[in-house]
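Structural description and commentary
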Amino acid sequence: MNQDLIHVYFMPGMAANPSIFDNISLPETQFKIHKLYWLIPLEKESLEEYALRMTKNIKHENVVLLGVSFGGILVQEMSKYIKPRKLIVVSSVKTKHELPTRMKVLRATKAYKLLPTQLMSNIDLLAKYAFGNTITKRIELYRKYLSVNDKRYLDWAIEQVINWNQEEAMPEVIHVHGEKDAVFPYANIKECIAVKGGTHIMIINKYKWFNENLPQLILS
């Protein structure tokens, strides 16, 4: 029976740990969930090199890759080295053209290099950056989800998102996006499954939608 299981690998968003998936459940007779963790990037490691290194943690064939936010960008890069059964991105982007204007400005001016990532060991700042200003009132709730506050990782991660150079969407990618996403605005997103009322953190607070819909998205 175990040989028939579909292995689903979850990649969290920037600075987040896999606890963001704690409420996600799939039928155990059909699926086996595996949660991936961020690695600290090597010196001058490119996103492509990092993605290849991350594929070493994929221990099965014909897997489902699901990534949230920056994790969605990463699983798309990983899919260039392994052929997944399904590639799903949540609260993310499929091309550089879907990035918000503010990130395009940071790219053009290279102002992202001036961001005070050394201060992001302060969990309040990190939470606002990773999840957006809308969660200020609930910041206590999200403290547990953010654990990767290494300056080297944060500098690298911000640079990779802003400078991601994907021109065209991969034809096989399934994109799930919230209509109220403040980090990657819904208005910029092309061809996605829209989640009404979904914000950038909907993997946490709209987990019921995912539990109801992910099995069909994977099997269809």
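Residues numbered from 1 in each chain as written. Predicted model: local features only at pLDDT ≥ 70, side-chain atom pairs only at ≥ 80, totals over all residues. Heavy atoms only, no water.

1. A look at the overall build of the protein chain
How we decide: Put simply, DSSP H or I for four residues or longer makes a helix, DSSP E for two residues or longer makes a strand, and each gets a number counted from the N terminus. Burial classes: relative accessible area under 20% of the type maximum marks a residue as buried, over 50% as exposed, and values in between as partly exposed (1.4 Å probe, protein chains only). We call two residues in contact when some of their heavy atoms are within 4.5 Å. With residues, only the protein chains shown are counted as cover, and all accessible areas are computed by Shrake-Rupley using a 1.4 Å probe.
Scanning the protein chain for helices and strands turns up 8 helices and 6 strands. From first element to last, N terminus to C terminus, the protein chain shows the α and β order β-β-α-β-α-β-α-α-α-α-β-β-α-α. A burial count over the protein chain gives 52% of its 220 residues as buried. Contacts spanning at least 24 positions in sequence make up 64% of the contacts within the protein chain whose residues lie at least 6 apart. Accessible area of the protein chain: about 11,000 Å², with a carbon and sulfur share of 51%.

2. With respect to the pairing of strand S1 (residues 6–11)
Stated formally: A strand pair is defined by DSSP finding two or more bridges across the two strands.
Of all 6 residues that make up S1, 6 are buried, and the element is covered over most of its length. Pairing of S1 with strand S2 (residues 31–35), which is carried by 5 bridges, proceeds in the parallel orientation. In the strand pairing of S2, Tyr9 is matched with His34.

3. A word on helix H6 (residues 151–162)
Spelled out, the test is: A helix is expected to span 1.5 Å for every residue after the first. Throughout this description, a polar contact denotes any pair of N or O atoms lying within 3.5 Å of each other; where both atoms belong to protein, one of them has to be capable of donating a hydrogen while the other can accept it, and for residues adjacent in sequence the pair is counted only when both atoms sit in side chains.
With 12 residues, H6 ought to run about 16 Å at 1.5 Å a step, and its terminal C-alpha atoms sit 17 Å apart, in line with that. Those residues of H6 not exposed but buried are Tyr153, Leu154, Trp156, Ala157, Ile158, Gln160, Val161 and Ile162. The distance from a side-chain oxygen at the start of H6 to the backbone nitrogen of Arg152 is 2.9 Å, and the residue carrying that oxygen is Asp150.

4. Some points on the sheet that holds strand S3 (residues 64–68)
Note the threshold: Interaxial angles span 0 to 180 degrees and are taken between N-to-C directions of axes, which are lines fitted to C-alpha atoms, for helices over the stretch in contact.
Overall, parallel pairing links the 6 strands, which are arranged S2-S1-S3-S4-S5-S6 in an open sheet. At either margin of the open sheet sits one strand with a lone partner, and together these are S2 and strand S6 (193–195). Ignoring which end each strand starts from, the neighbouring axes of this sheet average 20° apart. Two elements, strand S4 (residues 86–90) and strand S5 (residues 173–178), share 4 bridges in a ladder whose sense is parallel. By the bridge assignment, Ile88 is partnered in S5 with Ile174. Across the sheet, helix H8 (residues 207–219) is in contact with S1, S2, S3, S4, S5 and S6; its angle to S4 comes to roughly 150°.

5. A look at the nonpolar core
Under the convention used in this document: Remark: nonpolar core denotes a set of buried residues (Ala, Val, Leu, Ile, Met, Phe, Trp, Tyr, Cys) joined through side-chain atoms within 4.5 Å.
Judged by nonpolar contacts, the single largest core of 65 residues is most densely connected at Phe70, Leu74, Met78, Ile88, Tyr153 and Leu214. The element best represented in this core is H6, accounting for 7 residues. With residues near it in sequence (within four places) discarded, Leu214 still touches Phe10, Ile24, Leu26, Leu66 and Ile88.

6. Looking at the pairing of S3
Stated formally: Seen with its strands pointing away from the viewer, a crossover is right-handed when the path leading from the first strand over the helix to the second is clockwise.
The element S3 is extensively covered by neighbouring structure, given that 5 of its 5 residues are classed as buried. Both faces of S3 are covered, namely the face carrying Val64, Leu66 and Val68 and the face carrying Leu65 and Gly67. Looking at chain direction, S3 and S4 are connected through 5 bridges and run parallel. Within the sheet, the bridge partner assigned to Val64 lies in S4 and is Lys86. In this fold, the crossover linking S3 to S4 by way of helix H2 (residues 70–78) has right-handed handedness.

7. Observations regarding the environment of Ile203
Within the element layout of this structure, Ile203 appears in helix H7 (residues 202–205). Sequence spacing of Ile203 and Pro12 is 191 residues, and the spatial spacing of their C-alpha atoms is 9.5 Å.

8. Observations regarding the packing of helix H1 (residues 47–54) against H2
For the record, the criterion: Roughly parallel here means an angle under 35 degrees, roughly antiparallel means over 145, roughly perpendicular means 65 to 115, and every remaining angle is called oblique. Charged means Asp, Glu, Lys or Arg here, nonpolar means Ala, Val, Leu, Ile, Met, Phe, Trp, Tyr, Cys or Pro, and polar covers whatever is left, Gly included.
Across the interface, H1 lies against H2 with an axial gap of 8 Å and an inter-helix angle of 80°. Here H2 runs roughly perpendicular to H1, going by the angle between their axes. Packed against H1, whose contacting residues are Leu47, Glu48, Tyr50, Ala51 and Met54, the element H2 presents Phe70, Ile73, Leu74, Glu77 and Met78 at the interface. Tallied by class, the residues present in the contact of H1 with H2 amount to 8 nonpolar, no polar and 2 charged.

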